[in-house]
Amino acid sequence: MRRSTGPESIVPPAAPGGGGAGLRPVGAAAGQECEVTTWARLLGDEEPAEERQAEAGFFARLRDSLGKSRRALTDQLAAAAFDPADNEAWERLEEALIAADVGVPATAELVRRLEARAEVGDLTEALVDEAAGLLGEPGTLDVRERPSVVLVVGVNGTGKTTTIGKLAFHLHDHGRSVIVAAADTFRAAAEEQLEIWAGRAEADFVGSERGGDPAAVAYDAIEAASARGRDVVVVDTAGRLHTQTNLMEELAKIRRVIEGKLAGAPHETLLVIDATTGQNGVRQAQLFGQAVQVTGVALTKLDGSAKGGVALAIAHELGLPVKLVGVGEGVEDLHPFAPRDFARALISG
């Protein structure tokens, strides 16, 4: 029997996180500009000055989280000065980018862009500029409709459930009432974990009995949101069934039911990718994109990865914007993605 609870059962909220735009990042050298993308900007709200100030300090943590990835890249480049006229220098650059899990197609594109410059100048700064260009503009999260539906997909172990919990927290922190739907009905632990996060975010929770119909959970959550006047429905989904085909068919069914229940929904479909998987994350994005029309990526576990360059591969090969990054376990460790800050943290620190 499906169940639905409101926010009455609440565990103590986690420490609030912020977002932020237009300041020099804490820990960055003088003269380096900070792109700073705040939660308010991601959600299309007016940006409070204090939120921009708070988010500026995130650069140092992002830089630290990308330390392994950056060393994989810079250790290769530090072997000798870069000479644009030297073919071996270009080969070393390509090898360094591939070692950082940028991937062959994105590496080729970055090298093409550098070669097209009249003058490369400082290689590090040129590479930061071109990587930022490849990543594109800061993304937004489309939660303007009432209710809006955010469908979240990804394989088990990527941090999908905790990402949903943190997202729900930040949505609530920015004035949205939220319903969290546990449509991963195959793992009891996932539902229990999500219900705890829902309490922390002061969100309503909709779940089901073990093995229930996932699409029905999504349907019930949207119905509850409409009846209760909630702003956003965030839907968790299974990350593993008996076969890959079964999983993709199940996700496609959930999407069809959501579309049938609410015109224009889901308004966002986020794919959660574990950065430590590197190029496997690109393959995951290809598969999930075919099944559910992914609109953006949440890249998690950057703090333990030497493969942060996968963000460039995702952006270039699949045309998908990275919208969120995770650099730790705390609720404040999920942040809107700032392409230029990411490129600088990955390449120059």
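Look up: the structure comes first, before these words.
Residues numbered from 1 in each chain as written. Predicted model: local features only at pLDDT ≥ 70, side-chain atom pairs only at ≥ 80, totals over all residues. Heavy atoms only, no water.

### Quick look at the overall build of the chain
(1) Moving on: From N to C terminus, the chain includes 14 helices and nine strands.
(2) Moving on: Sorting the 349 residues of the chain into buried and exposed places 56% on the buried side.
(3) Moving on: Summing over all exposed atoms, the chain offers an accessible surface of approximately 14,100 Å²; the carbon and sulfur share of this is 47%. (Helix = DSSP H or I, 4+ residues; strand = E, 2+ residues; numbered from the N terminus. Buried < 20%, exposed > 50% of the residue type's maximum accessible area, 1.4 Å probe, protein only. Areas by Shrake-Rupley, 256 points an atom, 1.4 Å probe, with all protein chains shown as cover.)

### Structural notes on the packing of aromatic side chains
Between two aromatic rings, the relevant description is the distance of the centres plus the angle of the planes.
(1) Moving on: Counted under the stated rule, the structure contains one aromatic pair.
(2) Moving on: Measuring from ring centre to ring centre gives 5.0 Å for Phe337 and Phe342, while their planes differ by 55 degrees; the resulting arrangement is tilted.
(3) Moving on: When its relative accessible area of 3% is taken as the criterion, Phe337 is described as buried.
(4) Moving on: Its relative accessible area of 1% is what places Phe342 among the buried residues.
(5) Moving on: Residue placement shows Arg200 over the ring face of Trp197; its charged tip is 4.3 Å from the ring centre. (Phe/Tyr/Trp six-rings, centres within 6.5 Å; stacked < 30°, edge-to-face > 60°. Lys NZ or Arg CZ within 6 Å of the ring centre and 35° of its normal.)

### Describing helix H3 (residues 58–65)
(1) Moving on: Burial runs high along H3: six of the eight residues are buried.
(2) Moving on: Looking only at H3, the buried set comprises Phe58, Phe59, Ala60, Leu62, Arg63 and Ser65.

### Some points on a negative patch on the surface
(1) Moving on: The grouping of Glu88, Glu91, Glu94, Glu95 and Glu115 at the surface amounts to a negative patch.
(2) Moving on: Ranked by residue count, the leading element in the negative patch is helix H5 (residues 87–99), at four residues.
(3) Moving on: Here Glu88 shows up in helix H5.
(4) Moving on: Residue class for Glu88 comes out exposed when judged on its relative accessible area of 54%. (Patch = residues over 30% accessible without salt bridge, like charges linked within 9 Å, V, L, I, M, F, W, Y side chains within 5 Å. Salt bridge = Lys/Arg side-chain N within 4 Å of Asp/Glu carboxyl O. Lys, Arg positive; Asp, Glu negative; His and termini not counted. Charge placed at Lys NZ, Arg CZ, Asp CG, Glu CD.)

### Regarding the packing of helix H7 (residues 123–135) against helix H13 (residues 310–318)
(1) Moving on: Viewed as axis vectors pointing N to C, H7 and H13 meet at an angle of 50 degrees, and their least axial separation amounts to 8 Å. Looking at the two axes, H7 sits oblique to H13. For the pair H7 and H13, contact is made by Ala131, Leu134 and Leu135 and by Ala311, Leu312, Ala315 and His316, respectively.
(2) Moving on: Residue composition of the contact of H7 with H13, by class: six nonpolar, one polar and no charged. (Axes fitted to C-alpha atoms, helices over the stretch in contact; angles between N-to-C directions. Parallel < 35°, antiparallel > 145°, perpendicular 65-115°, else oblique. Contact = heavy atoms within 4.5 Å. Nonpolar A, V, L, I, M, F, W, Y, C, P; charged D, E, K, R; others polar.)

### A few points about the environment of Gly44
(1) Moving on: Examined against the element boundaries, Gly44 turns out to sit in the loop between helix H1 (39–42) and helix H2 (49–56).
(2) Moving on: For Gly44, a relative accessible area of 62% gives the class exposed.
(3) Moving on: Note: C-alpha distance between Gly44 and Leu141 (97 residues apart in sequence) is 7.7 Å.

### Re the pattern of salt bridges
(1) Moving on: Throughout the structure, instances matching the rule amount to 20 salt bridges.
(2) Moving on: Across the salt bridge formed by Arg112 and Glu109, the nearest N and O atoms sit 2.8 Å from each other. Highlighted residues: Arg112 and Glu109, both in helix H6 (residues 104–116), separated by three residues, approximately one helical turn.
(3) Moving on: Between Glu259 and Arg255 there is a salt bridge whose closest N-O contact spans 3.2 Å.

### A look at the pairing of strand E8 (residues 322–326)
(1) Moving on: Of all five residues making up E8, five are buried, and the element is well covered by its neighbours.
(2) Moving on: Note that strand E7 (residues 296–300) and E8 share three bridges and pair parallel. The partner of Val297 across the bridge, within E8, is Val322.
(3) Moving on: Regarding topology, H13 serves as the crossover connection from E7 to the parallel E8, and that connection is right-handed.
(4) Moving on: Across three bridges, E8 lies against strand E9 (residues 334–336) in antiparallel orientation. In the strand pairing of E9, Val325 is matched with His335. (Pairing = 2+ DSSP bridges. Right-handed = clockwise from strand over helix to strand, strands pointing away.)

### Brief notes about the side chain of Arg255
(1) Moving on: With respect to the element layout, Arg255 can be found in helix H11 (residues 244–261).
(2) Moving on: Within the structure, Arg255 has its side chain in polar contact with the side chain of Thr269 (distance 3.1 Å).
(3) Moving on: Filtering out sequence-adjacent residues up to four positions away, Arg255 remains in contact with Leu151, Pro266, Thr269, Val292 and Gln293. (Polar contact = N/O pair within 3.5 Å; in protein donor to acceptor, adjacent residues only side chain to side chain.)

### Details of helix H10 (residues 214–228)
(1) Moving on: Across its 15 residues, H10 extends 21 Å between first and last C-alpha, which sits within 8% of the 21 Å expected from 1.5 Å per residue.
(2) Moving on: Along H10, the residues that are buried comprise Pro214, Ala215, Ala216, Val217, Ala218, Ala221, Ile222, Ala224 and Ala225.
(3) Moving on: Backbone nitrogen of Ala215 and a side-chain oxygen of the N-cap are separated by 3.1 Å at the start of H10; the cap is Asp213. (Expected span 1.5 Å × (residues − 1).)

By themselves these figures say nothing about function.
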